[in-house]
Amino acid sequence: MALVDPGTDQLVVRIVYDGPAYAGKSTSLRALASSLGGAIFSAGEADGRTLYFDWVDYLGGRFEGMPIRCQIVAVPGQQVLVQRRRLLLETADVVVFVVDSRRAALAENLRAFAVLRDVMRRASPPFAVVAQANKRDLPEAIGLDELRSALGDGALAMTETSAERGEGVRETFVLAVRLALDRVRELWASRTLPRVAPAIADGASLLATMRAVEEGAASTLVSVGLGGGDRRRPAESAAAAPNGPEAGAEEMPVTAGAPPRAPDASVPSGLVWPPVEGRVMVHEATRIPPRLERVRHGDWEGTSRDWHLRSPREASFFDVEEGRSALVAWARWHTAAAARLSPRCLVLARATPSSGPSGEEAGGARPVWRLWQVVQRARTLADDCRALFAEAGDEALGEGLLRVAEQRLRAEAELRAGGWLQRVDLHSLGVSPSGELSYTRFVPYPAVPPARSPTQPEEDPAGGEVRILRAELAPLLRHELAHTPRRVPGVLAALHRAAAAHGAGALGTVLQGLLLEA
Amino acid sequence: MASEKEAIAVFEKIQADVPGFIAASLVDLDSGMTLAVKTARPDFDLAAASAFNSEIIKQKFKTIKALNLKSSLEEVLFTLSDQIHMIRLVGTGSFIYLAADKAAANLAIVRSAVIRHMAGLS
């Protein structure tokens, strides 16, 4: 986003501090602000965690006779805010990737680096990255060579810091500026360095712009997902909300009783799980108050931007301790299953007494507290399928269908093996950027491993796989083929090639059969 | 290359040896950004001075190249009506910039102090 401001003749560059949560991004910015003599603007915090960004503005240095104005931004590191992080990374002229040097943090470092790499691939011209190996003062910090090797990039510029002590932070920043200037030189040489007043001049305007973009993006998601641009059938559109356990089931309001008060981020400590991230999620989910509706079974549900909320009918309590016990029990189940669940939290919130009929509640008494599950909207395998038909060429579609089918069948083996979920399907399964499968829908309350159900796979694994793909993938293929200008022979051939290349001949044959039936 | 803390420690030694010390900075030549600063006068805009001085050094490099000289630049001294400014290269990518009050110091004192203590910056 480098540009020359014609009003001040300053070169404006943006340095983005990226990295996983708790790596030391905000601490680095605070140390840098202190060293440079600047003020820090923190846009939104919850329990000391960055919600939007930290911002420092610094005027120093010169390039081709112009003073350099550095907009220094630290992104939020939490996984649930990854879209916000991407939004900021896409504006960077250079990125300082803050790495937690401890061995225990290696996995988180790699996950975060994968997202950065994805953004880097699309940047033009490319931006440089400085890896700031932080927390070097800790005894459990691993060697730089090992860190560099783990990140998988031997050419990565790496510095050592202890942001807590303010050591190495300024040197890293100056190195980052030099690398940003390399990018500027490229723009300068190609005469593509814009000469225009910056649309974002300070932290407040960045915050306003991000909110506007997010709200605009949410509208787009809604219109593409559930409105004018939606090519899905109404039942599938409804299934986009995690209103499980039945895939594709249409939910209808049952009663006209006044809804309870939705949870918000002011919920007292001890009533949110997980304790810190959960509050962040509630804050995000209720920034725009959700519209709550009573659905089948008498549950309350609502949607707000990228979040879905549900409070089961029976999850209401006369007093907070009773509700808290239920929260703890449900949280234990979530903790055990956390690795397989999409981002979500539980919250026990006070329900405002309504003026409408609430005699249908337990005991006829007016409940005071409600237990909510708040789930972040996640891209599912069904979404991936639809995107493939909409955007990919035949070869990519063949590869993609094979991949979706393999992921679905892997989920059947991994997620249902323990019997802890009643049902998984293409509409309830998602895949993270690192390839991990996750369940994206509401978890039933209370979450008790079900008895063996008739929907469990047959004894013959191959027969079960065909049954699953026929039941779930076939309707999707039928719909997409009916609504996209695809030539089936082309897709069949691409699928055949993909299956041969990946040694998945049997699966490829099944998928080809489904395409022909469609 | 010295850390910010090490550089400030060097500046403190220089300050002790130079009467009329005004300010000192360690500057990245390419960007003109300061890597470390020490100032005895808050009204002295050290960041701006350091940035402009980086351009002076770059221009001097161009002059040397234009003259086809085989020499390398070591230092630059400026004598103002009431101040002395000194720039001394540190390696190939950075320099020390020092300003002192001319009434209290002289070129020899400034130069001697910088050369004596700048080994701590390498």
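Outline the overall build of chain A, listing residues and values.
When helices and strands are tallied, chain A shows 14 helices and 17 strands. Residue burial in chain A is summarised as follows: out of 518 residues, 41% are buried.

Account for the sheet that holds strand β1 (residues 21-28) of chain B, naming residues and giving values.
Strands pair in a sheet through their backbones, by hydrogen bonds, and they do so in one of two ways: parallel or antiparallel. Residue and element names in this part refer to chain B. Reading across from one edge, β2-β1-β5-β4-β3 is the order of the 5 strands in this open sheet, with antiparallel pairing throughout. Edge strands, defined here as strands with exactly one partner in the open sheet, are β2 (34-39) and β3 (75-79). Between one strand axis and the next, the sheet turns through 10° on average, direction left out of account. With 8 bridges connecting them, strand β4 (residues 83-90) and strand β5 (residues 94-101) associate as antiparallel partners. Residue pairing in the sheet places Q83 in a bridge with D101 of β5. Its contacts with the sheet place helix α1 (residues 4-17) against β1, β2 and β5, and it is angled at close to 35° to β2.

So what's going on with the nonpolar core? Residues and values would help.
With 93 residues, the main nonpolar core has A:I15, A:V95, A:A176, A:V177 and B:L98 as its most contacted residues. Top contributing element to this core by residue count: helix α5 (residues 169-189) of chain A, with 10 residues.

Please provide a residue-by-residue account of the confidence of the model for chain A, values included.
Residues and elements named next belong to chain A. Residues at a pLDDT of 70 or more form 83% of chain A, whose mean pLDDT is 80. Here residues 353-363 is a poorly scored stretch, pLDDT under 50, and it has 16 contacts once near neighbours within four places are set aside; other chains count. Here residues 449-459 is modelled with pLDDT under 50, and outside its nearest four sequence neighbours on either side it reaches 12 contacts, counting other chains as well.

An account of helix α3 (residues 106-122) of chain A is needed here, citing residue identities and associated values.
Residues and elements named next belong to chain A. Between its terminal C-alpha atoms α3 stretches 25 Å, which fits the 24 Å expected from 17 residues at 1.5 Å a residue. The complete set of buried residues in α3 reads N109, A112, F113 and L116. End-on, the buried residues of α3 take up no more than an arc of 105°, which puts them together on one face. For α3, exposure combined with an orientation more than 90 degrees from the buried face picks out A107, D118, R121 and R122. Against β2 (10-18), α2 (82-89), β6 (94-100), β7 (128-134) and α4 (144-151) lie the buried residues of α3.

Describe the interface of chain A and chain B, listing the residues and the values that go with them.
Listed per partner, the contact involves 15 residues of chain A and 15 residues of chain B. Elements with a contribution of two residues or more to the side of chain A that touches chain B: β4 (49-63), β5 (66-74) and α5 of chain A. Tallying contributions element by element places α5(A) first for the side of chain A that touches chain B, with 6 residues.

Quick rundown of the pairing of strand β10 (residues 291-294) of chain A? Include the residues and the values.
Residue and element names in this part refer to chain A. In this sheet, strand β11 (residues 300-304) lies alongside β10 in antiparallel orientation, the contact comprising 4 bridges. Each residue of the ladder has a partner; that of L292, found in β11, is G302. Two successive antiparallel strands, β10 and β11, enclose a turn made up of 5 residues, where H297 displays a positive phi of approximately 70°.

Which residues make up the environment of A:A163, and what values go with them?
Residues and elements named next belong to chain A. Structurally, the position occupied by A163 is in the loop between β8 (157-160) and α5. Residues A163 and V98 lie 65 residues apart in sequence; the distance between their C-alpha atoms is 9.9 Å. In contact with A163, not counting residues within four places along its chain, are G24, T27, S28, A31, N134 and V169.

How would you summarise the packing of α1(B) against helix α3 (residues 107-117) of chain B if you had to cite specific residues and measurements?
Packed helix pairs are specified by the crossing angle of their axes together with the interaxial distance, meaning the distance between the axes. Residues and elements named next belong to chain B. At a minimum axis distance of 9 Å, the contact between α1 and α3 shows a crossing angle of 150°. The orientation of α1 relative to α3 falls into the category roughly antiparallel. Relative to α3, the crossing made by α1 is right-handed. Here V10, K13, I14 and D17 of α1 lie close against α3, whose contacting residues are A113, V114 and H117.

Report on α5(A), specifying residues and quantitative values.
All names here are of chain A. A rise of 1.5 Å per residue sets the reference length of α5, with its 21 residues, at 30 Å; its end C-alpha atoms lie 30 Å apart and thus fit the reference within 8%. The buried fraction of α5 amounts to 15 of the 21 residues, a majority that puts the element mostly inside the structure. Of the residues flanking the end of α5, it is R191, one or two places downstream, whose phi is positive at about 55°.

So what about the environment of B:T92? Which residues, and what values?
Residue and element names in this part refer to chain B. The residue T92 is located in the loop between β4 and β5 in this model. Residue classification places T92 among the exposed positions, given that 8 C-beta atoms sit within 10 Å. The sequence separation of T92 and L73 amounts to 19 residues, and the corresponding C-alpha distance is 9.7 Å.

The rules behind these values
Residues numbered from 1 in each chain as written. Chains lettered and ligands numbered in written order. Predicted model: local features only at pLDDT ≥ 70, side-chain atom pairs only at ≥ 80, totals over all residues. Helix = DSSP H or I, 4+ residues; strand = E, 2+ residues; numbered from the N terminus. Buried ≥ 20, exposed ≤ 12 C-beta atoms within 10 Å, placed from the backbone. Pairing = 2+ DSSP bridges. Axes fitted to C-alpha atoms, helices over the stretch in contact; angles between N-to-C directions. Contact = placed C-beta atoms within 7 Å. Core = buried A, V, L, I, M, F, W, Y, C linked by C-beta atoms within 7 Å. pLDDT = per-residue confidence, 0-100. Expected span 1.5 Å × (residues − 1). Arc of directions from axis to C-beta. Parallel < 35°, antiparallel > 145°, perpendicular 65-115°, else oblique. Left-handed = near helix turned anticlockwise from the far one by under 90°.

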